[in-house]
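Descriptive analysis of the structure
Given next are the chains, with one letter for each unit.
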Amino acid sequence: MVEGRSKQAFKQWLADRPQAWRDRVEVVAMDGFTGFKTATAEVLPDAVAVMDPFHVVRVRHEVSCLRMEVRDLHRLVVAAAGLKLRAA
């Protein structure tokens, strides 16, 4: 974990690592904050930035909940209009 949640803080932390260490970094796992991805691209241009598993599951869950809310809203609108839903 890097103190401070900013692109500059992470970029400085990466730059403070020895060059030999930076040269060995192949993958950087992070949350979805674009500042981290941008800092990684600028300081470690050959490294691949990926979302860590916790945040992948979290984003997937949020999307799933949003889809359920949209589906439920659609059903309410259809019911209020007195229409029938056809089977999908």
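Just above, that's the structure.
Now for a look at the structure at hand. (Residues numbered from 1 in each chain as written. Predicted model: local features only at pLDDT ≥ 70, side-chain atom pairs only at ≥ 80, totals over all residues. Heavy atoms only, no water.)

**A look at the overall build of the protein**
Check the secondary structure of the protein and you find four helices and two strands. In sequence order, the protein lays out its α and β elements as α-α-β-α-β-α. Residues classed as buried in the protein amount to 19% of the 88 residues present. Here the contacts in the protein between residues at least 6 apart in sequence split such that 34% fall between residues at least 24 apart. With an accessible surface of roughly 7,100 Å², the protein has 60% of that area assigned to carbon and sulfur atoms. (Helix = DSSP H or I, 4+ residues; strand = E, 2+ residues; numbered from the N terminus. Buried < 20%, exposed > 50% of the residue type's maximum accessible area, 1.4 Å probe, protein only. Contact = heavy atoms within 4.5 Å. Areas by Shrake-Rupley, 256 points an atom, 1.4 Å probe, with all protein chains shown as cover.)

**Structural notes on helix H3 (residues 34-43)**
Within the sequence span of H3, burial applies to Gly35, Phe36, Ala39, Thr40 and Val43. Projected onto a plane normal to the axis of H3, the buried residues spread over an arc of 135° and lie on a single side. Looking at H3, the residues exposed on the side facing more than 90 degrees away from the buried face are Thr34 and Lys37. If you follow the buried residues of H3, they end up packed against helix H1 (7-16), helix H2 (19-24) and strand E1 (27-30). (Arc of directions from axis to C-beta.)

**Re the side chain of Arg22**
Examined against the element boundaries, Arg22 turns out to sit in helix H2. Although Arg22 is buried, it forms no salt bridge, and the closest oppositely charged side chain is Asp23 at an N-O distance of 6.6 Å. Reaching out from Arg22, the side chain makes a polar contact with the side chain of Gln19 at a distance of 3.1 Å. Aside from chain neighbours lying at most four places away, what touches Arg22 is Leu14, Ala15, Arg17, Val43 and Leu44. (Lys, Arg positive; Asp, Glu negative; His and termini not counted. Salt bridge = Lys/Arg side-chain N within 4 Å of Asp/Glu carboxyl O. Polar contact = N/O pair within 3.5 Å; in protein donor to acceptor, adjacent residues only side chain to side chain.)

**Some points on the nonpolar core**
Counting ten residues, the largest nonpolar core is built from Phe10, Leu14, Val25, Val28, Met30, Phe36, Ala39, Val43, Leu44 and Ala47. Contributing elements (two or more residues each) for this core: H1, E1 and H3. Among the elements that line this core, the one with the most residues is H3, at three residues. (Core = buried A, V, L, I, M, F, W, Y, C linked by side-chain atoms within 4.5 Å.)

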